[in-house]
Structures are given as structure tokens and as C-alpha cells.
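Analysis of the macromolecular model
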Amino acid sequence: MDSLARFVVFAVLTGVLTVGVHIYLYRRLFADTSENRMWRRVGMGAMTLLGTLLVLSFSVTRFLPMDFTFAVATGVWLWMGTSLYLLFALGFIGGARSLTRRLARTKATAALPASPVGAVELAPVPAVNVERRRFLARASAGGAALAAGGLSSYGMWNAFHPPVVNEVAVRLPGLPRALDGYTIVHLSDIHVGPIIQRRFMDELVARCNALHPDLVAITGDLVDGKVPSLGPAVAALRELRTRDGTYFVTGNHEYYWDAHSWAGALEGMGVQVLRNRHVRIGDAADSFDLVGVDDWAARNMGPGRGYDLEAALAGRQPDRASVLLAHQPANWREAAQAGMGLQLSGHTHGGQFFPFTLAVSAIWEHDAGHYEENGKHLYVSQGTGFWGPPLRVGSGPEIVKVTLLA
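Residues numbered from 1 in each chain as written. Predicted model: local features only at pLDDT ≥ 70, side-chain atom pairs only at ≥ 80, totals over all residues. Heavy atoms only, no water.

Overview of the pattern of salt bridges
Within this structure, the stated rule accounts for 12 salt bridges. A salt bridge links arginine 40 to glutamate 35; the shortest N-O distance between them is 3.7 Å. Judged by its relative accessible area of 55%, glutamate 35 is exposed. Arginine 198 serves as the salt-bridge partner of aspartate 202, at 2.8 Å between the closest nitrogen and oxygen. Taken together, the residues span about one helical turn, with aspartate 202 and arginine 198 both in helix α5 (residues 198-210) at a distance of 4 residues. Looking at aspartate 202, the relative accessible area reads 36%, which means it is partly exposed. The structure contains a network of salt bridges with shared partners spanning Glu35, Arg40 and Arg134. (Salt bridge = Lys/Arg side-chain N within 4 Å of Asp/Glu carboxyl O. Buried < 20%, exposed > 50% of the residue type's maximum accessible area, 1.4 Å probe, protein only. Helix = DSSP H or I, 4+ residues; strand = E, 2+ residues; numbered from the N terminus.)

Overview of the packing of aromatic side chains
Aromatic ring pairs are defined here through the distance separating the ring centres and the angle between the ring planes. In total, this model carries 10 aromatic pairs according to the counting rule given. Geometrically, the ring pair formed by tyrosine 182 and phenylalanine 288 is edge-to-face, given 5.2 Å between the ring centres and 80° between the ring planes. Of this pair, tyrosine 182 sits in strand β2 (residues 182-187) while phenylalanine 288 sits in strand β7 (residues 287-292), and the two are 106 residues apart along the sequence. In this structure phenylalanine 288 comes out as buried when scored by relative accessible area, which is 0%. Here the aromatic cluster, defined as three or more aromatic residues joined through ring pairs, consists of Tyr26, Phe30 and Trp39. (Phe/Tyr/Trp six-rings, centres within 6.5 Å; stacked < 30°, edge-to-face > 60°.)

Some points on a positive patch on the surface
Residues Arg101, Arg102, Arg105, Arg132 and Arg133 make up a contiguous surface patch of positive charge. Mapped onto the fold, arginine 101 is located in helix α3 (residues 67-111). (Patch = residues over 30% accessible without salt bridge, like charges linked within 9 Å, V, L, I, M, F, W, Y side chains within 5 Å. Areas by Shrake-Rupley, 256 points an atom, 1.4 Å probe, with all protein chains shown as cover. Lys, Arg positive; Asp, Glu negative; His and termini not counted. Charge placed at Lys NZ, Arg CZ, Asp CG, Glu CD.)

A word on the pairing of strand β11 (residues 376-380)
Within β11, 5 of the 5 residues are buried, leaving the element largely enclosed by the surrounding structure. Residues Lys376, Leu378 and Val380 of β11 are buried on one face, and the alternating residues His377 and Tyr379, pointing to the opposite face, are buried as well. Judged from the 4 bridges that link them, strand β9 (residues 342-345) and β11 form a sheet pairing that is parallel. Bridge assignment links leucine 344 to a residue of β11, and that residue is tyrosine 379. Of the strand pairs in this sheet, strand β10 (residues 369-373) and β11 are connected by 5 bridges, and their pairing is antiparallel. Residue pairing for β11: glutamate 372 is matched across the bridge by histidine 377. Linkage of β10 to β11, two consecutive antiparallel strands, is achieved through a turn of 2 residues, within which asparagine 374 is found at a positive phi near 55°. (Pairing = 2+ DSSP bridges.)

Structure, rendered in C-alpha cells:
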């Protein structure tokens, strides 16, 4: 009941906000720019349709998980990002115009001759120039549309562009000298679905293989769909070439699409799924522990599910070098105290696109990149794909090459 109540509150708040934004955009882009009834009707219809689809999109994709529905919703979410940029651009241009008018009034007032003592002088009220106001409204709308369109186009290009490779070297406590220079390619939040498909995955696998990794780690949110529809695209992972294999832990999105079925499917593709357990990487003489836990949020999804670090560490020698795979960068300090020398995570997307980059940075203490405390390390990936709006502005997709140092 609590989760239902939270969903209802979230839906109402976002619905009211969305309606308000679309009313504002209608006024600034259509009502203020023309007296033409047809133009205004088109604008009202477009804003009503887009606003309604945006309000419904998140709940519809959750309860009607069809590929077509999800593909349409992705287009609607693109509009969400574009509408935000329109809102910011219109606000910026409007603020600049207001500041210019105030400066002009101040300058004109300063230039007026001083009035005699006791005289009362009424300032003339300027006539409203309707044509000038309409011209400025059109110029503002056009400028905002160009700015928002340009930023959204860049964000789309960045989202669909092959991820960049970011490299980080980590001195792992307890790592045997023989494993100095061991490389892990870290992928996270690929979100294979109706938009990200086999072509993207083939390119991703080729880029990973070019790095010649010893091991590939995928820290959750691999898919947004079920095995029958997305299995052929995810099967590109069979082509990964590593010395010690490919390992996977669940993210929150796997639980939306039957995590148990996906675990079995991935095992069939040669990907080892670590569900609250650990494995030894290397040989008997020189090795480290690779530990994997289920997603932190899955703790609330029923008994026997979710993050269980204690179970994952059962039977492990505490003094051995260790790398923890966990979807969310939660519980890092506790994991470090339990002996985890390095934690690889994702989930945040680094905010994915402005202004959510600022929001995520405020919400998450460790939102993206490399962190170190007391010789223990955390790397939070910005994500390899995208979710929701196909936009990447201020937080690009990445493949992370981690080199372990003794």
C-alpha cells in the first residue's frame, strides 16, 4: 500500500507540473506569436497531446510492457527533454529582455531634468506597440526553439554515439604481484530494448574486445524487456573475448522484466551471473575474489531477493584481494569495511542529461567517477546506454577500463 501511495503522489505531482509547463509553452510559442486561430488551435492540440502522452508514458510502459508502447514512450520522453530546454531558453530570453528594459528605464530616468521643488510630475505612459510586442514574442520563440533543438540534437547524437573509453588505475589491497596490470572492462546500464538493439551491441562488443580485457563486468540494468524479444540482441555478448570470462549482477530494471529468466538466459550465453555469491579469479597461486550482489532496491521486492553482502561473502577469506560488483553505489563504506577493495557500480547515469545531472549530483554522494577513501575504491559508471529520453548532455556514455595494480 505504501508503494501504491507513493506512486499516486508522484503521478499527481508530475501530472500537475507537466500540465503547467505545457500551458506556459502554448502561451509563449503559439498564443503570443500570432492571432491566427488555426495556428493557436494547432498549438493547443499539439501541447495537449504531448502533455497527455508524457503524463501517461511512465505508468503505461510499466503496466503495458510492449515493445511498440516503449518505443513510442521513448519518443515522448525525448519531447520531455526538449520541452525542458525550451522552458529554460524562454526563461533566459525573457529574463534578458526584462533586464534590458529596466536598464533602459533607469538610464532614461537619470537623463530627465530635475523638477522644481514641490512640483509633481507624472511620467507619460508609453503606448503599447502591438506589432513590436508580437515581433519580440516571435523572435523569443524562434530563438528558444533553435537553442532547444540544437541542444536536443546534440544530446541525441551523444546518446546513440558509441561510448567513449575511460581508463582508471586502481591500487587494489592484497592483489598478488603476478596480477599487477590485470584489466577489467566495466559496462553498466546498457538498457537494451526497443531502441538499443543488436547493432548497438555488436559495436559495443567490438570496442570491448579491442581493449583485450582479462574480464568483463556488467553491473546491471542490461535490459528493458523480456527474454523472447531481446534475447537475440543481448546474445551479442557471446562474442566477448576475455581470459577469465564475463560476469553480471542484477540492476533494478532486471526485476521489472523477470530477473530469474534473464539470469538463466545469460548463463546460457556464457555470462556468469553472481547473485549474492563470490568466485575466485586466477589460479591457485595468484588470485582475487570477484563478489556479486543483487540490486539494492530489490530488497523490497519479496523474500529471498535483493542485496545480501553477508551471503555473498560467506566462506571467503577476509584478507584476500576483492572486487565487488553492485548495481547501485549504495552501501560502499560498509562494503569497504567488510574487506571490499574496489566496488564497481552504475545506476545513476551521472544524471544522463542536464538539468538532471545537477539533481543526481545533489541526491547521490557518489554520482559518477572514481572515489577513494582509506585505500578503498569505488567507481560509478555514467552508463553505457541510456534510459528514458535518448539524450546525453553533460554526462556521456562510457566503457570503463579498470587496471588493477598490486
